[in-house]
Amino acid sequence: MAKVADKPFVFPKPFLVFFVLSMISGFGITLSEAGFPKIRHYKWEVEYMFWSPDCVENIVMGINGQFPGPTIRANAGDIVVVELTNKLHTEGVVIHWHGILQRGTPWADGTASISQCAINPGETFTYRFVVDKAGTYFYHGHLGMQRSAGLYGSLIVDPEEGKNEPFHYDEEINLLLSDWWHQSVHKQEVGLSSKPMRWIGEPQSILINGRGQFNCSIAAKYNKSLTQCELKGGEQCAPFVLHVRPNKTYRIRIASTTALASLNFAIGSHRLIVVEADGNYVQPFLASDIDIYSGESYSVLITTNQSPSENYWVSIGVRARQPKTPPALTVLNYLPNSVSKLPISPPPETPDWEDFDRSKRFTYGIFAAMGSPKPPVRYNRRIFLLNTQNQMNGFVKWSINNVSLALPPTPYLAAMRFGLHTAFDQNPPPERFPVDYDIFNPPQNPNTITGNGVYRFNLGETVDVILQNANMLKDNTSEIHPWHLHGHDFWVLGYGEGKFSAAVDEKKLNLKNPPLRNTVVIFPYGWTAIRFVADNPGVWAFHCHIEPHLHMGMGVVFAEGVHKVGMIPTKALACGGTAKTLINNNPPKKIPRKRNP
Ligand SMILES: O=C1O[C@H]([C@@H](O)CO)C(O)=C1O
């Protein structure tokens, strides 16, 4: 394993002036008024490695020999630079910085075929972007199903130096949640795109900071079907313990990068105060547990005011799909108690997976903190996106308005910037679906088409999206989908049951204090309304964050103001049609023929 720096190298102040000035001229980044930002420089190598995330040896995608990858930590306004070298032998790679808006740097969004070309084996690509807002974020692979293969890590942004969070806490603990399969991701991918489709099934384990236990439990006393895990603490699958001291306030950051699972987080005997969601402050509220969907993040505050002689269970169970995976467990360890002193009461029970009314009560009760930016009162454009599971020549697909997204070989950002009209379908996909579409039954005509058209917005216009859920191919089934938008936060204006009806539902939309987020769910047979301002020049993915669903086409592409995008780094362009353009503009020099003497 090559040894490379995984600690950020912080440039001393005098160097910053030079660097920042060169960044401004080259990348259109503006300075924050408070002073010079820092540059957080990382050098990473991505490679497959043997690892035992849940005590069963497998291969994971690691960064610098770590799984999950190193945590990035920065202050708001800082510039993060990640020099990413692809050490995979046979695959490209990209990394998406989930929740980072990429203003002025849309080519650094890390979406293969959308913002950049995949980085080839052996090559290095430098991601350089500003983290402009404090919050709990994460990063992950965005090519094929590399997130499922373990390519992820945390990205934490503290307020600008000298500024405080709007709530008090003594210390913090960071948790990145994921789900894990024993079947290789390649096999999963092939299964999903085979005829008949082979579904990946439910995960074998839930991981907390990359650690879970398969086939044993650390609380076997309360789970008769599993034996007690015999772990010493140094194993890769030993639980990540939350060490706390009595009578303090802790901020627990929780982000979910699951491929499929919707999760519920609870700590025995402790109540949670929710204060942040997806990098935005929310009106604080008390909860016994929280639901967290793939792509979401929360911060909760807890006070360690319970009996100091005990430890307490932390339990993370599966909701919204059949819970065939045991909850992930770990311990809230009140120091100086020994970690091995197991809690005296059973772990908190995950609420019934099918109790969607309970899930809705939690999700509908999230509002923006006082003083948060408010949405424009009117929209310029409203599009309706119907989510359906379909068939295409016997293959199973997910479609939006009957179009299943199939990404083109030339990244959209480059294709649009260079005016390559043959790189993708120039006709935009449909903006609505038939008014008489029956969302409560399987699609009458299950056939779909694939497409790669783009929804183009005028720069600065206010866009509403109504996400509409529907019945799947099977009778009486409709699943939850968490939708994630790149390049923007959006306001969640509301949710409802059945089909959205402007006449009935318009007046129910919340324009007073809707939460700002980057990920939102649609509940079974329901709709969700979001609003955002298309003011970030670039091309942005908007998709279901369930990894196999995106793989099966469940996403769309948005674009705005691409003519305003600055110089795209050449390395982001060297594939597909833009590679040809680069070569045509700079043809290889003719080698002069040697004349015979
Ligand atoms: O895309 C999916 O496929 C399965 C099921 O519909 C077929 O097995 C499932 O639950 C999905 O979310």
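Residues numbered from 1 in each chain as written. Predicted model: local features only at pLDDT ≥ 70, side-chain atom pairs only at ≥ 80, totals over all residues. Heavy atoms only, no water.

To continue, consider the nonpolar core. Counting 92 residues, the largest nonpolar core has Trp44, Trp97, Tyr127, Val465, Phe542 and Phe558 as its most contacted members. Examining the composition of this core, we find that five residues originate from one element, helix 4 (residues 412–417), more than from any other. Counting 34 residues, the second-largest nonpolar core is a separate cluster that includes Ile173, Val244, Tyr298 and Ile302. (Core = buried A, V, L, I, M, F, W, Y, C linked by side-chain atoms within 4.5 Å. Buried < 20%, exposed > 50% of the residue type's maximum accessible area, 1.4 Å probe, protein only. Helix = DSSP H or I, 4+ residues; strand = E, 2+ residues; numbered from the N terminus.)

Within a sheet, adjacent strands bond to each other through the backbone by hydrogen bonds, running parallel or antiparallel. As summarised here, the arrangement of the four strands in space is 4-9-8-6, forming an open sheet in which the pairing is mixed. Edge positions in the open sheet fall to strand 4 (72–75) and strand 6 (95–98), since each of these has one partner strand only. Neighbour-to-neighbour, the strand axes of the sheet open up by a mean angle of 20°, direction not taken into account. Bridge count for strand 8 (residues 135–141) against strand 9 (residues 152–158) is six bridges, and the pairing is antiparallel. Bridging across to strand 9, Phe138 finds its partner in Ser154. (Pairing = 2+ DSSP bridges. Axes fitted to C-alpha atoms, helices over the stretch in contact; angles between N-to-C directions.)

It is worth spelling out the site of the ligand at this point. Inspection of the region around the ligand gives Met197, Trp199, Arg321, Gln389, Trp398, Met472, Glu479, His549 and Met552 as its neighbouring residues. Contact distances for the ligand include 2.9 Å between an oxygen atom and a side-chain N or O atom of Trp398. In the model, an oxygen atom of the ligand is placed 2.7 Å from a nitrogen or oxygen of the His549 side chain. Considering the ligand on its own, with 310 Å² of exposed area, one finds that the protein chains cover 74% of that surface. Split by residue class, the shell around the ligand holds five nonpolar, two polar and two charged. (Near = heavy atom within 4 Å. Polar contact = N/O pair within 3.5 Å; in protein donor to acceptor, adjacent residues only side chain to side chain. Areas by Shrake-Rupley, 256 points an atom, 1.4 Å probe, with all protein chains shown as cover. Nonpolar A, V, L, I, M, F, W, Y, C, P; charged D, E, K, R; others polar.)

Looking now at the pattern of salt bridges. Within this structure, the stated rule accounts for 27 salt bridges. A salt bridge links Glu160 to Lys163; the shortest N-O distance between them is 4.0 Å. Asp505 serves as the salt-bridge partner of Lys508, at 3.1 Å between the closest nitrogen and oxygen. Judged by relative accessible area, Asp505 falls into the buried class, the value being 5%. Residues joined in a network through salt bridges with shared partners are Arg73, Asp158, Glu172 and Arg253. (Salt bridge = Lys/Arg side-chain N within 4 Å of Asp/Glu carboxyl O.)

So, on to the state of the cysteines. Within the structure shown, the criterion is met by three disulfides. What pairs with Cys117 in a disulfide is Cys575, and their sulfur atoms sit 2.1 Å apart. For the disulfide bridge between Cys117 and Cys575, the dihedral angle about the S-S bond is near -85°, and by the sign convention the bridge is left-handed. Remark: Cys575 occurs in the loop between strand 35 (555–560) and helix 7 (576–585) and Cys117 occurs in the loop between strand 6 and strand 7 (124–130); sequence separation between them is 458 residues. By relative accessible area, Cys117 is classed as buried at 3%. Cys216 shares a disulfide with Cys229; S-S distance 2.1 Å. Taking the torsion about the sulfur-sulfur bond, which here is approximately 100°, the covalent link between Cys216 and Cys229 counts as right-handed. Linking Cys216 in strand 12 (residues 216–217) with Cys229 in the loop between strand 13 (227–228) and strand 14 (242–244), this pair joins segments that are 13 residues apart in sequence. (Disulfide = S-S within 2.5 Å.)

Feature annotation in UniProt places "domain: Plastocyanin-like" (unreviewed entry) on residues 46–161, 172–335 and 445–561, given in this structure's numbering. The distance from the first to the last C-alpha atom of residues 46–161 is 31 Å, and the span holds 0% helix and 42% strand. Annotated as 5% helix and 45% strand, the span residues 172–335 places its first and last C-alpha atoms 15 Å apart. (UniProt positions renumbered as here; feature names shortened; annotations may be inferred.)

Quick look at helix 3 (residues 356–364) now. Of the residues making up helix 3, those classed as buried are Phe356, Ser359, Lys360, Phe362 and Thr363. Projected onto a plane normal to the axis of helix 3, the buried residues spread over an arc of 160° and lie on a single side. For helix 3, exposure combined with an orientation more than 90 degrees from the buried face picks out Asp357 and Arg361. (Arc of directions from axis to C-beta.)

The next point concerns the confidence of the model for the protein. Confidence in the prediction for the protein averages 94 pLDDT; 94% of positions are at 70 or higher. Low pLDDT, under 50, characterises residues 1–33; the stretch is placed with 46 contacts to residues that sit more than four places away or in other chains. (pLDDT = per-residue confidence, 0-100. Contact = heavy atoms within 4.5 Å.)

Applying the stated rule across the entire model yields two cavities of 30 Å³ or more. Considered as a void within the structure, the largest cavity measures approximately 80 Å³ in volume. Every residue along the wall of the largest cavity is listed here: Ile400, Val403, Ser404, Leu405, Pro429, Gly451, Asn452, Gly453, Tyr455, Gly555, Val556 and Val557. Mapped onto the lining of the largest cavity, the elements with two or more residues apiece are strand 25 (403–405) and strand 35. For the lining of the largest cavity, the per-class residue count stands at seven nonpolar, five polar and no charged. Approximately 30 Å³ is the volume attributed to the second largest cavity. Taken together, Lys360, Tyr364, Tyr495, Gly496, Glu497, Ile522, Phe523, Pro524, Gly526, Trp527 and Thr528 make up the lining of the second largest cavity. Elements with a minimum of two residues in the lining of the second largest cavity: helix 3, strand 30 (490–497) and strand 33 (526–533). Per-class residue counts for the lining of the second largest cavity are six nonpolar, three polar and two charged. (1 Å grid on protein atoms, 1.4 Å probe; cavity = no way out; pocket = protein on both sides within 12 Å on 5 of 7 lines; lining within 4 Å. Points joined across faces, edges and corners; volume = space filled by probe spheres on them.)

A few words now on the packing of aromatic side chains. Two measures describe an aromatic ring pair: the distance that separates the ring centres and the angle between the ring planes. Tallying each qualifying case throughout the model produces 30 aromatic pairs. Ring geometry for Trp97 against Tyr139: centres 5.6 Å apart, planes inclined by 45°, an arrangement best described as tilted. Residue Trp97 is found in strand 6, and its partner Tyr139 is found in strand 8; the two are separated by 42 residues along the sequence. With respect to burial, Trp97 and Tyr139 carry one shared label: buried. (Phe/Tyr/Trp six-rings, centres within 6.5 Å; stacked < 30°, edge-to-face > 60°.)

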